[in-house]
Protein chains: 2
Amino acid sequence: MPKPRAINPEINAVELTEAEWEIMKVVWEKEPCAAGTVQETLAKSRDRAYSTVKTTMDRMADKGFLEIERIRNLQLFKSCISEVDARRGEFRRMLKRAFDGALTPMMQFLIEHEGLSKEEASQLRMLVEKQNTGGARKEKAKNESSNR
Amino acid sequence: MPKPRAINPEINAVELTEAEWEIMKVVWEKEPCAAGTVQETLAKSRDRAYSTVKTTMDRMADKGFLEIERIRNLQLFKSCISEVDARRGEFRRMLKRAFDGALTPMMQFLIEHEGLSKEEASQLRMLVEKQNTGGARKEKAKNESSNR
DNA sequence: GAATGTATACGACAAATGTCGAATATGTCA
DNA sequence: TGACATATTCGACATTTGTCGTATACATTC
């Protein structure tokens, strides 16, 4: 029986807060973009003052999540971390906290407690099948990995 | 093709902080137990003052995560949320933030970017198989679900 | 009942996060 | 060159989280 391998949670530990996630999603979609653009986009779902968004984005630049390109009076923000990096960070934190870093118990939990339906389980099996019959995993992983 | 169902992230949204997770793990294992017991247990991996642990546990009681039973001068803490509830909360927050609440993209991500090995994928498939051939899922889910 | 040890109560403080307003700077246009 | 709109800067403040120290209260034991 194969021993469950724990994914090392220390490497590439990008951790975004709630507000940072919301902002990053807009930046990934529209970069390079101004703080005003982000604020207006977010306003559709949740209204916040421009200064709120700008302050958070400045702090994100300090942390190395965003970088600023200056054009005259304007600042254009670009992401310094990929969505894959952010997802990895979020996933690993969850796995570490709630499942001691082990994948198998998490899968078990999903099936037993999250009401994974037969359809969903089938999808999942198809994904696993694709993986096992050797798809373009390596290549894809390479292309979409960290851009940090 | 089945449409990916988003797990509703609002229901049962138990969210624990890092310190709270560490404490809860000890409480689940040893409840009912005193704050001193928790502090001593945690001290093995990470030393913190008794008052630090006690303050955090009092706050957790305020939040409804723990309850206190008083015996003369002593306080015994018991959990008000199950480990399943806590895991569910942690998992759903991750899923909502990083994958818009959808399971399938998360699975895809796991396979493409987390280097899910063939062995792990096999384990996963076995879990899925067990699920599809009708195990004791319903019963188990019932027994281990929320005790809130 | 005084000394000693253990628990509790509670105030404090720093850092991180989410939030904003107001002052200042810059650009555009009639 | 003003007037007006837009961006940036930056200080401020409330909450939450993690962290303690210290003053009190309670029990046990000479």
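This structure is a prediction, so every number in the text was calculated from the model and none was measured.

Colleague: Is there a simple way to think about unusual backbone geometry in this case?
Modeller: Excluding glycine, most residues fall at negative phi; most peptide bonds, likewise, are trans. Geometrically, the link from Glu31(A) to Pro32(A) is a cis peptide bond, its omega value of -10° lying close to zero. Within the secondary structure layout, Pro32(A) lies in the loop between helix H1 (18-30) and helix H2 (35-43). Positive phi, normally seen in glycine, also occurs at Arg72(B), with a value near 55°. By the element assignment, Arg72(B) lies in the loop between strand E1 (66-71) and strand E2 (74-79). Arg72(B) gets classed as exposed once you look at its relative accessible area, which sits at 83%.

Colleague: Any chance you could explain the protein's contact with DNA strand C here in plain terms?
Modeller: The local shell around DNA strand C holds 22 residues, among which Thr17(A), Arg46(A), Thr52(A), Thr55(A) and Tyr50(B) are the closest. Taken together, the sugar and phosphate atoms account for 60% of what DNA strand C places within 4 Å of the protein. Within the contact set of DNA strand C, a phosphate oxygen lies 2.9 Å away from a side-chain nitrogen or oxygen of Lys63(A). In this structure, a phosphate oxygen belonging to DNA strand C sits 3.5 Å away from a side-chain N or O atom of Lys54(B).

Colleague: I'm lost on the pairing of E2(B) in this one. Help?
Modeller: Each regular strand displays side chains that alternate between the two surfaces of the sheet. All names here are of chain B. Sheet analysis places E1 next to E2, joined by 6 bridges and oriented antiparallel. Across the sheet, residue Ile71 finds its bridge partner in E2, namely Leu74. Following E1, the chain reverses through 2 residues before pairing antiparallel with E2; Arg72 in that reversal takes a positive phi of roughly 55°.

Colleague: Looking at this model, I keep getting lost on the confidence of the model for chain A. Mind explaining?
Modeller: Atomic detail in the predicted coordinates should be set aside for any region of low pLDDT. Residues and elements named next belong to chain A. Averaged over every residue, the pLDDT of chain A is 81; the share at 70 or more is 71%. Per-residue pLDDT stays below 50 along residues 1-5; that stretch engages in 9 contacts with residues further than four places along the chain or on separate chains. Below pLDDT 50 for its whole length, residues 134-148 participates in 25 contacts with residues either more than four positions away or in separate chains.

Thresholds applied
Position labels on residues start from 1 in each chain and follow its written sequence. Chain letters start at A and ligand numbers start at 1, both assigned in the order the entries are written. Per-residue local features of the predicted model are confined to residues with pLDDT of at least 70, and side-chain atom pairs are confined, for both listing and counting, to 80 or more; whole-chain, interface and lining totals are unaffected and use all residues. Side-chain numbers come from the whole structure's heavy atoms, not from hydrogens or water. Here a helix means four or more residues in a row that DSSP labels H or I, a strand means two or more in a row labelled E, and each is numbered from the N terminus. In this scheme, a residue with accessible area under 20% of its type's maximum is buried, one over 50% is exposed, and one in between is partly exposed, where area comes from a 1.4 Å probe on protein chains only. We call a residue near a molecule or strand when any one of its heavy atoms sits within 4 Å of it. Two N or O atoms form a polar contact when they lie within 3.5 Å of each other; inside protein one atom must be a possible hydrogen donor and the other a possible acceptor, and for residues adjacent in sequence the pair counts only when both atoms belong to side chains. Two strands qualify as a pair provided DSSP detects at least 2 bridges between them. On a scale of 0 to 100, pLDDT captures the predictor's confidence in every residue. Whether two residues touch is decided by their heavy atoms; if any such pair falls within 4.5 Å, the residues are in contact.

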